[in-house]
Amino acid sequence: MQVHPKDLVVRAHLQQHHTTNRTRLSFPCQWNSFIVSYRSSRLPTFLHALAHVVDRTVTDMFVLATVQHALMRRVLPSHIVLQGSEEVTDASLAAIKSVAPAITELILRNLPHVTTKGVVGLLGSCSVLNVINISYCQAVSASVSNIMLDLEQLTSIKISHMFDLTNENVAHMLQTHRSLSTLQIKNCPSISEPAFEFLPLSISTLHLENLPRVQDDLVSVLTTASLSGQSSLGAFPNLTSLSLAGCCNLTDDGVVGTVLLCPTLLTLNLDQCYIISDASLRAIGSNCLDLTCITLNDCINVTDVGLLEMARSILHLQHVELSNCSGVSQACIDNMLGSGITVKR
């Protein structure tokens, strides 16, 4: 395919990481992440073209040209990041298939014209994939989860806005990938507690966000998962980051029971858990002694009493977010600030 002159930025998104022997293709690129090559070296042309790269819309032609350039240089990219373009279609994914055997990380975000067929075709050629992120791709259905079962080396799965994703889809992935370290399921309205029955003990980052069907039964499901994984403490010993943001039907019972299973947490996000109160904060203060950051935006029932009790118990607490927490006074915030805790309100 002949590349139009305005698409000659074939090196723009090709980064060679010499120290780690990795190459990353990123669309669109940032100011500090590209090398530009042009036929004309005249300064005005270069400056104009550089601005054009930063502001341009990435197209299928551009992706194809970039991949062709990588192949020409005999450099196989291990990381692919493709996001935020309405001009990218399955044709781009078909082009990326030619370097798929080397891909270890694949991020597809906000690509409205990429479909299930294109993603399945690409994943079928990825043999060493460790990290996958499919977010805000409205034309991609939950059937892609079936081919993920064949990706034996996956350690990180992030899925967002996949509206037909079911509990069975997630459960099958967790049964298959027992060395998973990161799981993020966001804005998938059919997902509820049974999806996580087989959560592996290897999990270190668990983000379950904007899942209104997730309720207090999450505690019993996670307890079963930890015990079936033969955890001696009935807990997840590697879990350091937990987000239940937007799980708006969780009560204190659900949060208290969950944090009892997560004694090694460093960060906790409870944004928009509207029902929880100081009882949750007391449990966090008693069980998550290594916590450094907690987010409580829109938790309208927490008060000064619970916050100060939690802050006194957790010696390493560094950052608290309290936007729209009407039960928290400025005096409480001043008290935490005086203790060296950063407060965002």
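Residues numbered from 1 in each chain as written. Predicted model: local features only at pLDDT ≥ 70, side-chain atom pairs only at ≥ 80, totals over all residues. Heavy atoms only, no water.

Asker: Quick rundown of the overall build of the protein? Include the residues and the values.
Answerer: In terms of regular secondary structure, the protein is built from 11 helices and 13 strands. Counting across all 345 residues of the protein, residues that qualify as buried make up 51%. The contacts in the protein between residues at least 6 apart in sequence include a share of 70% that link residues at least 24 apart. (Helix = DSSP H or I, 4+ residues; strand = E, 2+ residues; numbered from the N terminus. Buried < 20%, exposed > 50% of the residue type's maximum accessible area, 1.4 Å probe, protein only. Contact = heavy atoms within 4.5 Å.)

Asker: Give me the lowdown on the environment of leucine 218, citing residues and values where you can.
Answerer: Within the secondary structure layout, leucine 218 lies in helix H7 (residues 218-228). A relative accessible area of 1% places leucine 218 in the buried class. Taking the C-alpha atoms as reference points, leucine 218 and serine 192, separated by 26 residues in sequence, lie 8.2 Å from one another.

Asker: A description of the nonpolar core should follow, citing residues and the corresponding values.
Answerer: Of all hydrophobic cores here, the largest spans 95 residues; its most connected members are Phe196 and Ile284. Once residues lying within four places of it in the same chain are set aside, the contact partners of phenylalanine 196 are Val170, Leu174, Leu183, Ile185, Ile191, Leu208, Leu211, Val214, Leu218, Val221, Leu222 and Ala225. (Core = buried A, V, L, I, M, F, W, Y, C linked by side-chain atoms within 4.5 Å.)

Asker: Before we move on, could you go through the packing of helix H8 (residues 252-260) against helix H9 (residues 278-287) and cite the residues and values that matter?
Answerer: Relative to each other, H8 and H9 sit at 5°, their axes nearing to 9 Å. With respect to each other, H8 and H9 are oriented roughly parallel. Contacts between H8 and H9 involve Asp252, Val255, Val256, Val259 and Leu260 on the former and, on the latter, Ala279, Ser280, Ala283, Ile284 and Asn287. Classifying every residue of the contact of H8 with H9 by side-chain character gives seven nonpolar, two polar and one charged. (Axes fitted to C-alpha atoms, helices over the stretch in contact; angles between N-to-C directions. Parallel < 35°, antiparallel > 145°, perpendicular 65-115°, else oblique. Nonpolar A, V, L, I, M, F, W, Y, C, P; charged D, E, K, R; others polar.)

In short, geometric facts, not functional conclusions.
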